[in-house]
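# Close look at the chain arrangement
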Amino acid sequence: MKTTIRIGSRDSRLAVAQTEIIRDMIQRRHPEFSIEIVTMKTTGDRILGKSLEAIGGKGLFVKELDMALRDGRIDLAVHSLKDMPMEQPEGLPILAYGKREDPRDVLVCRGGVAELPESPLVGTSSRRRMLQLETLYPGVRFQGIRGNVQTRLKKLAEEGMDATILAAAGLNRLGMQQLAARYFSVEEMVPAAGQGILAVQGRSGTSKELLLGVDDPESRACAAAERGFVRELDGGCTFPVAAHAVIKGSSMILYGLYYREEDGGWFRDQMADETRKAGELGRRLACRMREKGGV
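Residues numbered from 1 in each chain as written. Predicted model: local features only at pLDDT ≥ 70, side-chain atom pairs only at ≥ 80, totals over all residues. Heavy atoms only, no water.

## Concerning helix H8 (residues 217–232)
Counted only if it meets this: Helical segments are the DSSP runs of H or I of at least four residues, strand segments are the runs of E of at least two, and each set is numbered from the N terminus. One fewer than the residue count of a helix, multiplied by 1.5 Å, yields its expected span. Each residue is assigned to one of three classes by its accessible area relative to the maximum for its type, calculated with a 1.4 Å probe on protein chains only: buried under 20%, partly exposed between the two thresholds, exposed over 50%. In this description, contact between two residues means that some pair of their heavy atoms is separated by no more than 4.5 Å.
With 16 residues, H8 should reach 22 Å at 1.5 Å per residue; the first-to-last C-alpha distance of 22 Å fits that figure. For H8, every residue scored as buried is listed here: Ser219, Ala221, Cys222, Ala223, Ala225, Glu226, Arg227, Gly228, Phe229 and Val230. Looking at the packing, one finds that the buried side of H8 touches strand E4 (94–97), strand E11 (242–248), strand E12 (251–259) and helix H9 (278–292). Following H8 by one or two positions, aspartate 234 adopts a phi angle in the positive range, close to 55°.

## Considering the packing of aromatic side chains
To be explicit about the condition: To pair, rings of Phe, Tyr and Trp, with the six-membered ring standing in for Trp, must have centres within 6.5 Å; the planes then decide the type, stacked if under 30 degrees apart, edge-to-face if over 60, and tilted in the middle.
Counted according to the given criterion, the structure contains 1 aromatic pair. Each ring, one from tyrosine 258 and one from phenylalanine 267, has its centre 5.7 Å from the other, and the planes form 65°; the classification is edge-to-face.

## Comments concerning the environment of arginine 70
Mapping arginine 70 onto the fold places it in helix H4 (residues 63–71). It is 8.0 Å that separates the C-alpha atoms of arginine 70 and leucine 92, two residues lying 22 residues apart in sequence. Every residue in contact with arginine 70, bar those within four places of it in the chain, is listed here: Pro89, Glu90 and Leu92.

## Remarks on the sheet that holds strand E9 (residues 182–183)
Quick note on the threshold: The pairing criterion is simple: DSSP has to find at least two bridges between the two strands. Working convention: axes come from line fits to C-alpha atoms, limited for helices to the stretch in contact. Angles between N-to-C directions cover 0 to 180 degrees.
What the 5 strands build is an open sheet, ordered E7-E6-E8-E5-E9; its pairing is mixed. Where the open sheet ends on each side, the last strands, each with one partner, are strand E7 (141–143) and E9. Here strand E6 (residues 121–123) runs beside E7; their pairing, made up of 3 bridges, is parallel. Bridged to valine 122 within E7 is phenylalanine 142. Its contacts with the sheet put helix H5 (residues 127–136) on strand E5 (105–109), E6, E7, strand E8 (163–167) and E9, and the angle it makes with E8 is roughly 120°.

Limitation: the analysis is restricted to geometry and does not speak to function.
Take a look at the structure:
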């Protein structure tokens, strides 16, 4: 009888599609295992009428999966790295970082139109996206919107908004990239740290052999830089801090967004160094931006 590996996932279509990507990669290398996907609804998925800041932050998307890992109900969990808290719970490390999908944000317009009207109403609950969109579309107005991709698209169609912003990676993984009216460059709109990267979490002591071929060295380095930047600034859902790393040969360019809570001022900056110094690069850029911000 084959040994069964149980992989935990949120129960949205996108989360399951992402978990299937990791399942298939493991299965190709380990046909001797039977792999089962176990889905569950997290607290963050259930409470949609309030902002993440109001209900406790990104940890609400992983709490149930963390409990299932600790209880032994699942052996691995697959997350979008951007949805994971900066600090990992003891005994539940990130074991692998999947190859990065398109990290950009995209504009999706109601009715499939390509242009926005003057003073458009855009559905988003992300302050990171709001700040940067205001520089691209002066006069833009915002309406809070949360939920999975299908929920947001339904609200866009029914609630009078002109557009919403989604992650290109999610649309690509769902085969819905034709909905994108505009792709924002990472210079125009710095993505959330980890956007486009899948994180495989497990218990300490899990065999590294199981995830050979899943872990991508470039994604791991980018994650170290981006999360190092956010961690240094103590950024989370309460105020927008964002970072995105690009690797070119042996070098890395890190783009950062810093928001000053005291007066609402914000700015972007970038820094380059060797990829092998990814974590240090994230901290250095964060410190420079904090100093510039006068904090």
